[in-house]
Amino acid sequence: MLDKMHSLIIGPGLGRHPLVLEAASQILLLARQRGIPVVLDADGLCLLTMPQYSVSFLRHSAAHSYTAPMVITPNLVEFQRLVQSLGNGT
């Protein structure tokens with residue numbers, strides 16, 4: 001299915017059930033590997049703030065060079081969660 005995509009949006013309406021987030025994290029990695037531009041919004045941003053998903057994603061990202069962009073679109077509260085998850089929150 002990813003072969004037919006020109007871009008991918010993960011987040012709106014996703015929810016936060018662990019099985020759904022695990023599947024979304026795998027889809028995100030596959031999309032990045034295939035050079036598909038990704039937008040992370042809403043619940044999709046949890047993939048960057050929850051250690052069980054972000055650690056594997058960040059390790060994989062550090063080991064590979066991706067050509068397609070990944071855009072995040074946090075609102076103020078989501079941005080604060082992202083900053084705090086990086087250990088830079090006040």
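Conventions we followed
Residues numbered from 1 in each chain as written. Predicted model: local features only at pLDDT ≥ 70, side-chain atom pairs only at ≥ 80, totals over all residues. Heavy atoms only, no water. Pairing = 2+ DSSP bridges. Helix = DSSP H or I, 4+ residues; strand = E, 2+ residues; numbered from the N terminus. Axes fitted to C-alpha atoms, helices over the stretch in contact; angles between N-to-C directions. Core = buried A, V, L, I, M, F, W, Y, C linked by side-chain atoms within 4.5 Å. Buried < 20%, exposed > 50% of the residue type's maximum accessible area, 1.4 Å probe, protein only. Contact = heavy atoms within 4.5 Å.

Student: How do you make sense of the sheet that holds strand E1 (residues 8-10) when you look at a structure like this?
Tutor: By way of backbone hydrogen bonds, the strands of a sheet pair with one another, either parallel or antiparallel. Here 3 strands make up an open sheet; going across it, the order is E1-E2-E3 and the pairing parallel. At either end of the open sheet lies a strand with only one pairing partner, and these are E1 and strand E3 (70-72). Adjacent strand axes in the sheet meet at a mean angle of 20°, parallel and antiparallel pairs treated alike. The pairing of E1 with strand E2 (residues 38-40) spans 3 bridges and is classified as parallel. Within E2, the position partnered with Leu-8 by the bridge is Val-38.

Student: I would appreciate a short explanation of unusual backbone geometry in the present structure.
Tutor: Across residues other than glycine, the phi torsion is negative in most instances, and most of the peptide bonds are trans. One non-glycine residue, Ala-42, adopts positive backbone phi at about 50°. Here Ala-42 shows up in the loop between E2 and helix H2 (46-49).

Student: Please clarify how the nonpolar core should be interpreted in this entry.
Tutor: Ranked by size, the top nonpolar core spans 18 residues in total, and within it Leu-8, Ile-10, Leu-28, Val-38, Leu-40 and Leu-47 carry the most contacts. Only E1, helix H1 (18-33), E2, H2 and helix H3 (51-63) provide two or more residues apiece to this core. The biggest single contributor to this core is H1, with 5 residues. The contact partners of Val-38, leaving out residues within four places of it in the chain, are Leu-8, Leu-28, Ala-31, Arg-32, Pro-69, Met-70 and Val-71.

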